[in-house]
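Structural overview for review
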Amino acid sequence: MPEQKMIHVYKPQINISYPSSGRMWLICICAFLCVLQSALFDGGKSFVIAVTALLTAVLLEFLITWRKHGGAKIKDGSAAATAMILSIILPNQIHPVYVFFGTAFAIIVVKYTFGGLGSNWLNPALGGWLFIRFSWPVSFANAIPEIPSISEMVMAPDVSPLDSSITEFFNNSVFSIAGVQLPSGYINLLFNSSESTITDRGLFALLIGTIIITAIGINRGWVPLIFLTVYGFLIRFAGDVSGLYWNGDLLYGIFSGGTIAAAFILAAEPASGAKLKPGILFTVILGAVLSWFFRYKCMEYFGCFIALALINCITPVIRLIEEKIFFPRKNESNAKRASVVQETLL
């Protein structure tokens, strides 16, 4: 086999069965469903954020690549996916100007510093989020003036009729068999209309989208499963701010703070992750632990995003360790290296 094709095996985004372009566009659809649900209840502000990010990303990618590729790079969907992912992890009240600068940072600095897709040193969407979050902290905080706890939602007198009816249905059918009752308020998390991130506001649509992309197989389905298992266990074991063990609110922890987007889209994104199964497993578990630590011990509501960005930054070290363990001899043949990669990757 020609050496050029063997090198192609090592492309970090070729870790799954679906082509990169198909995966990117399906993720765009998943994120768009989330944006659409959020936009229905905020007068279209979420849609404006998504359009701003999308136009900025596509235009900048075209300007950067048009001399070499004639704009063909836009067809792979990576710029659009970056824009849509960045959109859903931003507050729905954030000013579009900040969205423009955050998207520009994601594309120009994060994605193309070392050559583009597959060579980025950080997930571009996470990079854009961090840029906005820490460059304009006051504006970011003002976009989400107050984050209610689940206890406040449960005790609120205006629990929606939809929440009440669905909760009653499950309590009388499914949960009654196990002898447990689901309190009111949790269904509201799926249809959150308060000022928050788009991913939390469009959670029901996002769940549908993640089911689709997982069923099609465009991501590693076991990655979000392990992430949510470890994260959920830590929440249940020691996720209560009062310090009581086995008293953490599991559903609220998973259905808020952008956890679903972090687990199914960001943690499972292969281009900025480890290449081999042991490295992937290590980074997923570490990412879940750090997500819990930042949110419940450092009191950072969006701890999942910060944790996964940190994991992205140490991924080159993990890849180096993978190379030392699985490919210890420098004169090892490309054929043998490719065989090991194919056996170890999903």
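That block above? That's the structure.
Here's what I pulled together on the structure shown here. (Residues numbered from 1 in each chain as written. Predicted model: local features only at pLDDT ≥ 70, side-chain atom pairs only at ≥ 80, totals over all residues. Heavy atoms only, no water.)

1. Thoughts on the pattern of salt bridges
If you walk through the whole model with that rule in mind, you get three salt bridges. In this structure, arginine 201 and aspartate 42 form a salt bridge, with 4.0 Å as the shortest nitrogen-oxygen distance. Note that arginine 201 is positioned in helix 12 (residues 198-201) and aspartate 42 in the loop between helix 2 (20-39) and helix 3 (45-69), a separation of 159 residues in sequence. On the basis of relative accessibility, which here comes to 2%, the residue arginine 201 falls in the buried class. (Salt bridge = Lys/Arg side-chain N within 4 Å of Asp/Glu carboxyl O. Helix = DSSP H or I, 4+ residues; strand = E, 2+ residues; numbered from the N terminus. Buried < 20%, exposed > 50% of the residue type's maximum accessible area, 1.4 Å probe, protein only.)

2. Some details on a nonpolar patch on the surface
Taken together, the side chains of Phe32, Leu36, Leu40, Phe41, Phe47, Val51 and Leu55 make up a nonpolar region of the molecular surface, amounting to roughly 690 Å² of accessible area. Broken down by secondary-structure element, the contributors of at least two residues to the nonpolar patch are helix 2 and helix 3. Tracing the chain through its elements places phenylalanine 41 in the loop between helix 2 and helix 3. In this structure phenylalanine 41 comes out as exposed when scored by relative accessible area, which is 54%. (Patch = residues over 30% accessible without salt bridge, like charges linked within 9 Å, V, L, I, M, F, W, Y side chains within 5 Å. Areas by Shrake-Rupley, 256 points an atom, 1.4 Å probe, with all protein chains shown as cover.)

3. A look at the packing of aromatic side chains
On inspection of all chains with the given rule, the structure shows 17 aromatic pairs. Seen from their ring centres, phenylalanine 140 and phenylalanine 302 are 6.0 Å apart, and the 85° between their planes marks the pair as edge-to-face. Residue phenylalanine 140 is located in helix 7 (residues 137-143), and its partner phenylalanine 302 is located in the loop between helix 17 (277-297) and helix 18 (303-326); the two are separated by 162 residues in the primary sequence. We classify phenylalanine 140 as buried; its relative accessible area is 4%. These aromatic residues form a ring-pair network of at least three members: Tyr98, Phe100, Phe101, Phe105, Phe131 and Trp136. One Lys or Arg, arginine 133, reaches over the ring of phenylalanine 134 and ends 5.2 Å from the middle of that ring. (Phe/Tyr/Trp six-rings, centres within 6.5 Å; stacked < 30°, edge-to-face > 60°. Lys NZ or Arg CZ within 6 Å of the ring centre and 35° of its normal.)

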